[in-house]
Amino acid sequence: MNLSEKSVENVEFMIEQIKEKLKVLNLGAIKPSHFDEEMYEELKEIYEMVLKKKSFSPNEMQALVEELGGLRKK
């Protein structure tokens, strides 16, 4: 997957990977359709950071969820 290109498919891929890594329990809370390509670079930064870490504290998870919430479509 070439994540250097902004696309709906890449947004969907990154969101699904983030959800899987964070073990999001409420899968409906974070949907690819909540995001658009305007926030692509910010989303990619979060994606890359999430994939680098092995585990997350509850505070880190909360911060990530809040950050993702801030990137949602208005």
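Above this text sits the structure in question.
Residues numbered from 1 in each chain as written. Predicted model: local features only at pLDDT ≥ 70, side-chain atom pairs only at ≥ 80, totals over all residues. Heavy atoms only, no water.

A. How the structure looks around the packing of helix H2 (residues 40-52) against helix H3 (residues 58-71). Axis separation between H2 and H3 bottoms out at 10 Å; the angle between their running directions is 160 degrees. Accordingly, the angle class assigned to the pair H2 and H3 is roughly antiparallel. In the packing of H2 onto H3, the handedness of the crossing is left-handed. Between H2, through Glu42, Leu43, Ile46, Met49 and Val50, and H3, the contact on the second element is made entirely by Leu64, Glu67, Leu68 and Leu71. Split into classes, the residues belonging to the contact of H2 with H3 amount to seven nonpolar, no polar and two charged. (Axes fitted to C-alpha atoms, helices over the stretch in contact; angles between N-to-C directions. Helix = DSSP H or I, 4+ residues; strand = E, 2+ residues; numbered from the N terminus. Parallel < 35°, antiparallel > 145°, perpendicular 65-115°, else oblique. Left-handed = near helix turned anticlockwise from the far one by under 90°. Contact = heavy atoms within 4.5 Å. Nonpolar A, V, L, I, M, F, W, Y, C, P; charged D, E, K, R; others polar.)

B. Expanded view of the nonpolar core. In this structure, Ile18, Leu22, Phe35, Leu43, Ile46 and Leu68 are the most contacted members of the largest nonpolar core, which totals 18 residues. Elements that contribute at least two residues to this core include exactly helix H1 (8-22), H2 and H3. Each residue touching Leu68, except ones within four places of it in the same chain, is listed here: Ile18, Ile30, Phe35, Leu43 and Ile46. (Core = buried A, V, L, I, M, F, W, Y, C linked by side-chain atoms within 4.5 Å. Buried < 20%, exposed > 50% of the residue type's maximum accessible area, 1.4 Å probe, protein only.)

C. Broad picture of the environment of Glu67. Considering the arrangement of structural elements, one finds Glu67 in helix H3. What makes Glu67 partly exposed here is its relative accessible area of 44%. Residues Glu67 and Glu48 lie 19 residues apart in sequence; the distance between their C-alpha atoms is 14 Å.

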